[in-house]
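# Chains, contacts and geometry: an overview
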Amino acid sequence: MNSLNKGIEKVEVTLKWDPSPPGTPATDLDLIAAAYPANAPYGKPAYLVYFDSRAPDGTITLNRDSRTGQGLGTDEAMTLELDRLSDEYGRVVVGVAIQQNAGRKTFGEVANTGVRISEGRSVLAAEDLAGVAAFTAATVGEFIRDSSGAWSFRKAVRGFDADPTAFAAMMGRR
């Protein structure tokens, strides 16, 4: 660090949604984080964190994964320890994708979606995904490291019409 400003250090991203109505296929939403190299922040992600995975160095971890939306409050939770992330990374994008196993489903067809990004008690962003109702995946925010090494947050809600694999490949593009 070249400055006294530490910026954002440790963030929690939570996702919630209501289960599908009885007799219909379960709805599975997934949090996805993509880490990008500092020298290519809009290129191919260096790595992805999603269900059953974590960052190679343990700095980004999916702590809770739901496949149905059944639970009390938070259905998925991810921790990003940006203060521990190697200097080789300069950007992290966070998004949500709907598994498309039972046919195409959009955010508008999922009841009571909500994403919350917070650092400690400070809420950086809260989003109900209504603005991306026609889409199957969306970015919700990005963290950018400045020249001093401090991380900042930018809310970046952008919809994509893609399955989770395709979304993961394109979520960090401009």
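Residues numbered from 1 in each chain as written. Predicted model: local features only at pLDDT ≥ 70, side-chain atom pairs only at ≥ 80, totals over all residues. Heavy atoms only, no water.

### Quick look at the nonpolar core
The condition that has to hold: Put simply, buried Ala, Val, Leu, Ile, Met, Phe, Trp, Tyr and Cys residues joined by side-chain atoms within 4.5 Å make one nonpolar core. Only protein chains enter the calculation, and the probe is 1.4 Å; a residue is then buried if its accessible area is under 20% of its type maximum, exposed if over 50%, and partly exposed in between. Going along the chain from the N terminus, every DSSP run of H or I of four or more residues is numbered as a helix, and every run of E of two or more is numbered as a strand. The criterion used for residue contact is that any of the two residues' heavy atoms lie within 4.5 Å.
Counting 35 residues, the largest nonpolar core has Leu80, Val92 and Phe143 as its most contacted members. The element that contributes the greatest number of residues to this core is strand S6 (residues 89-98), accounting for five residues. Each residue touching Val92, except ones within four places of it in the same chain, is listed here: Ala33, Ala34, Ala35, Ile60, Leu80, Leu82, Leu85, Gly141, Glu142, Phe143 and Trp151. Counting 10 residues, the second-largest nonpolar core is a separate cluster that includes Ala97, Ala162, Phe167 and Met171.

### Focus on the pattern of salt bridges
Filter applied, for reference: A pair is scored as a salt bridge if a Lys or Arg side-chain nitrogen falls within 4 Å of a carboxyl oxygen belonging to Asp or Glu.
Within this structure, the stated rule accounts for six salt bridges. Across the pair Asp87 and Arg145 runs a salt bridge, and its minimum N-O distance is 3.2 Å. Of this pair, Asp87 sits in the loop between strand S5 (76-81) and S6 while Arg145 sits in strand S9 (residues 137-145), and the two are 58 residues apart along the sequence. You can call Arg145 buried: its relative accessible area is 15%.

### Some points on the environment of Glu127
Note the following rule: Under this definition, polar contacts are N or O atom pairs within 3.5 Å; protein pairs additionally need one hydrogen-donor-capable and one acceptor-capable atom, and for neighbouring residues in sequence, both atoms have to be side-chain atoms.
Within the secondary structure, Glu127 sits in strand S8 (residues 122-127). Glu127 sits 30 residues away from Val157 along the chain, and the two C-alpha atoms are 8.4 Å apart. Of the polar contacts made by the side chain of Glu127, one reaches the backbone nitrogen of Leu129; its length is 3.1 Å.

### Some thoughts on the sheet that holds S9
How we decide: Should DSSP find at least two bridges between two strands, the strands are regarded as paired. For helices, the fitted line uses only the C-alpha atoms of the stretch in contact; every axis is such a line through C-alpha atoms, and the angle between N-to-C directions lies from 0 to 180 degrees.
Read across the open sheet, the five strands follow the order S3-S2-S6-S9-S10; overall the sheet is antiparallel. With one partner strand each, in any of the chains shown, strand S3 (47-49) and strand S10 (151-160) form the two edges of the open sheet. Strand-to-strand twist of the sheet, defined as the mean angle between neighbouring strand axes without regard to direction, takes the value 20 degrees. Both S6 and S9 contribute to a ladder of seven bridges, which runs antiparallel. What sits directly across from Val96, in S9, is Ala138.

### Looking at the packing of aromatic side chains
Each aromatic ring pair is summarised here by two numbers: the centre-to-centre distance and the angle between the ring planes. To keep things clear, this is the line we draw: For Phe, Tyr and Trp, where Trp contributes only its six-membered ring, two rings pair if their centres lie within 6.5 Å, and the inter-plane angle classes them as stacked under 30 degrees, edge-to-face over 60, or tilted in between.
Following the criterion strictly, the structure yields four aromatic pairs and no others. Ring geometry for Tyr47 versus Tyr89: centroids 5.4 Å apart, planes at 85 degrees, classification edge-to-face. Residue Tyr47 is located in strand S3, and its partner Tyr89 is located in strand S6; the two are separated by 42 residues in the primary sequence. On the basis of relative accessibility, which here comes to 10%, the residue Tyr47 falls in the buried class.

### Description of the layout of surface pockets
Quick reminder of the rule: With a 1 Å grid laid over protein atoms only, a set of points is called a cavity when a 1.4 Å probe fits there but cannot get out and a pocket when it is open yet has protein on both sides within 12 Å along at least five of seven lines; lining residues have an atom within 4 Å of a point. Grid points are joined across faces, edges and corners, and a volume is the space filled by probe spheres set on the points. Side-chain classes are defined by residue name, with Ala, Val, Leu, Ile, Met, Phe, Trp, Tyr, Cys and Pro counting as nonpolar, Asp, Glu, Lys and Arg as charged, and the others, Gly among them, as polar.
Its volume calculated, the largest pocket comes out at about 160 Å³. Considering the residues around the largest pocket, the lining is formed by Pro25, Ala26, Thr27, Asp28, Ile98, Gln99, Asn101, Ala102, Gly103, Arg104, Lys105 and Glu109. A class-by-class count of the residues in the lining of the largest pocket yields four nonpolar, four polar and four charged.

### Some thoughts on the pairing of S9
Side-chain positions along a regular strand alternate between the two faces of the sheet. The buried count for S9 comes to eight of nine residues, which makes it a mostly enclosed element. Summarising the sheet, S9 and S10 pair through eight bridges and their orientation is antiparallel. Bridge pairing links Phe143 to Phe153 in S10. If you look at the hairpin formed by S9 and S10, you'll find five residues sitting between the two strands, and Gly149 has a positive phi there, around 100 degrees.

### So, unusual backbone geometry
The backbone of Asn112 shows a phi angle near 55 degrees, a positive value even though the residue is not glycine. With respect to the helices and strands, Asn112 occurs in the loop between S6 and strand S7 (114-119). Of note in the backbone geometry, Leu129 takes a positive phi value of approximately 65 degrees without being a glycine. Structurally, the position occupied by Leu129 is in the loop between S8 and S9. Exposure remark for Leu129: the relative accessible area of 1% places this residue in the buried category.

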